[in-house]
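Analysis of the macromolecular model
One letter stands for each residue in the lines below.
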Amino acid sequence: MNKTLKIALSGSSSTGKSTLLKALQSTELASRVTFLPEITRSLKEKGFLINEAGNLPTQIMVMNAHTSNLFCYDNFIVDRCLLDGFSYTKWLKDYRNAIPDWFMQYAYNVTTTYLPAYDFIFYLPIEFAAENDGIRSTNEEFRQQVDEIMRSFIVDNPHLCRNVHEITGSVEERIEKILNIIDE
């Protein structure tokens, strides 16, 4: 077993990360880790722009929060990680030109340096329609584009993504797969 358990749930919007995080709180894993909330929702509450409207201040906060989680906690499970922060930053750069080159390079450097520090990243691909919760984007094209950026990063960087596991199925199936992978 690993000395630490630094676990992240990763994926585009409305792929079941928050639902899965909540469900995992009822498993034996709950006694071994701290459950950390998703960063973006708290940023929105503080007035930061998120989703397609995101900007440089938002992405600075997101990337710094993900990095801080890695250094401040030994045993955690979190909704989103550096892979997500990088992917949304890249979308904002590629599709809106809302991110300057220097920060895109910073996001890439931080992600490629620290992504291997997670013990497990469980990537949840898009399997079902997005749910409108009043916070997340319901723009399907945006959702698909972010998912493609994530998937491309994982495929293009196998040496950095050895700790990334694609998880699909119902909540119960996902929990069983996650616990089996962690306990291997």
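Scroll up to find the structure.
Bear in mind the structure is a predicted one, so any value in this text is a computation, not a measurement.

1. With respect to the packing of helix H4 (residues 82-96) against helix H5 (residues 101-114)
- Contact pair H4 / H5: the axes reach a minimum separation of 10 Å and the direction vectors enclose 160°. As far as their axial angle goes, H5 and H4 are roughly antiparallel. The handedness of the crossing between H4 and H5 comes out as left-handed. Contact residues: H4 offers Leu82, Phe86, Thr89, Lys90 and Lys93, while H5 offers Asp101, Phe103, Met104, Ala107, Tyr108, Val110, Thr111 and Tyr114.
- Of the residues in the contact of H4 with H5, the class split is eight nonpolar, two polar and three charged.

2. Comments concerning the nonpolar core
- Ranked by size, the top nonpolar core spans 32 residues in total, and within it Leu82, Leu83, Leu115, Tyr118, Ile121, Phe153 and Cys161 carry the most contacts.
- Elements with a minimum of two residues in this core: helix H3 (56-72), strand E3 (75-79), H4, H5, strand E4 (120-123) and helix H6 (140-156).
- Membership of the second largest hydrophobic core comes to 19 residues, among which are Phe35, Leu124, Ile175 and Ile182.

3. Overview of the environment of Arg80
- In this fold, Arg80 is placed in the loop between E3 and H4.
- On the basis of relative accessible area, Arg80 is assigned to the buried category, the value being 8%.
- Separated by 27 residues in the primary sequence, Arg80 and Ala53 place their C-alpha atoms 19 Å from one another.
- With sequence-adjacent residues up to four places away left out, Arg80 is seen in contact with Ala8, Leu9, Gly11, Ser12, Ser13, Lys17, Glu38, Thr40, His66, Tyr88 and Met150.
- Within the local environment of Arg80, its side chain forms a polar contact with the side chain of Tyr88, the two groups lying 3.3 Å apart.

4. Considerations on the sheet that holds E4
- With respect to topology, five strands assemble into an open sheet ordered E2-E3-E1-E4-E5, the strand pairing being parallel. Two strands in the sheet have a free side with no partner beyond their single neighbour: strand E2 (34-36) and strand E5 (164-166). The mean inter-strand angle of the sheet, taken between neighbouring strand axes irrespective of direction, is 20°.
- With five bridges connecting them, strand E1 (residues 5-10) and E3 associate as parallel partners. Within E3, the position partnered with Ala8 by the bridge is Val78.
- Against the sheet, helix H1 (residues 17-24) touches E1, E2 and E3, its axis set at about 145° to E3.

5. Some thoughts on the pattern of salt bridges
- One pass over the structure, following the stated rule, counts 11 salt bridges.
- Glu28 serves as the salt-bridge partner of Arg32, at 3.0 Å between the closest nitrogen and oxygen.
- Since its relative accessible area comes to 38%, Glu28 is described here as partly exposed.
- Its salt-bridge partner being Asp94, residue Lys90 comes within 2.8 Å of it at the nearest N-O pair. With a gap of four residues between them, Lys90 and Asp94 both fall in helix H4, about one helical turn apart.
- On the basis of relative accessible area, Lys90 is assigned to the partly exposed category, the value being 28%.

6. Points about the layout of surface pockets
- When its volume is computed, the largest pocket comes out at roughly 510 Å³.
- Lining of the largest pocket is provided by 34 residues; of these, Ser13, Ser14, Lys17, Arg80 and Arg136 occupy positions nearest its centre.
- Broken down by secondary-structure element, the contributors of at least two residues to the lining of the largest pocket are H1, helix H2 (39-45), H3, H4 and helix H7 (171-183).
- Looking at the lining of the largest pocket residue by residue, the classes come out as 10 nonpolar, 15 polar and nine charged.

7. Description of the packing of H1 against H7
- Where H1 meets H7, the closest approach of the two axes is 10 Å, and the angle between their N-to-C directions is 65°. Between H1 and H7 lies a crossing whose hand is right-handed. Here Thr19, Leu20, Ala23 and Leu24 of H1 come into contact with H7, specifically with Val171, Arg174, Ile175 and Ile178.
- Class assignment for the residues of the contact of H1 with H7 results in six nonpolar, one polar and one charged.

Criteria and cut-off values
Residues numbered from 1 in each chain as written. Predicted model: local features only at pLDDT ≥ 70, side-chain atom pairs only at ≥ 80, totals over all residues. Heavy atoms only, no water. Axes fitted to C-alpha atoms, helices over the stretch in contact; angles between N-to-C directions. Helix = DSSP H or I, 4+ residues; strand = E, 2+ residues; numbered from the N terminus. Parallel < 35°, antiparallel > 145°, perpendicular 65-115°, else oblique. Left-handed = near helix turned anticlockwise from the far one by under 90°. Contact = heavy atoms within 4.5 Å. Nonpolar A, V, L, I, M, F, W, Y, C, P; charged D, E, K, R; others polar. Core = buried A, V, L, I, M, F, W, Y, C linked by side-chain atoms within 4.5 Å. Buried < 20%, exposed > 50% of the residue type's maximum accessible area, 1.4 Å probe, protein only. Polar contact = N/O pair within 3.5 Å; in protein donor to acceptor, adjacent residues only side chain to side chain. Pairing = 2+ DSSP bridges. Salt bridge = Lys/Arg side-chain N within 4 Å of Asp/Glu carboxyl O. 1 Å grid on protein atoms, 1.4 Å probe; cavity = no way out; pocket = protein on both sides within 12 Å on 5 of 7 lines; lining within 4 Å. Points joined across faces, edges and corners; volume = space filled by probe spheres on them.

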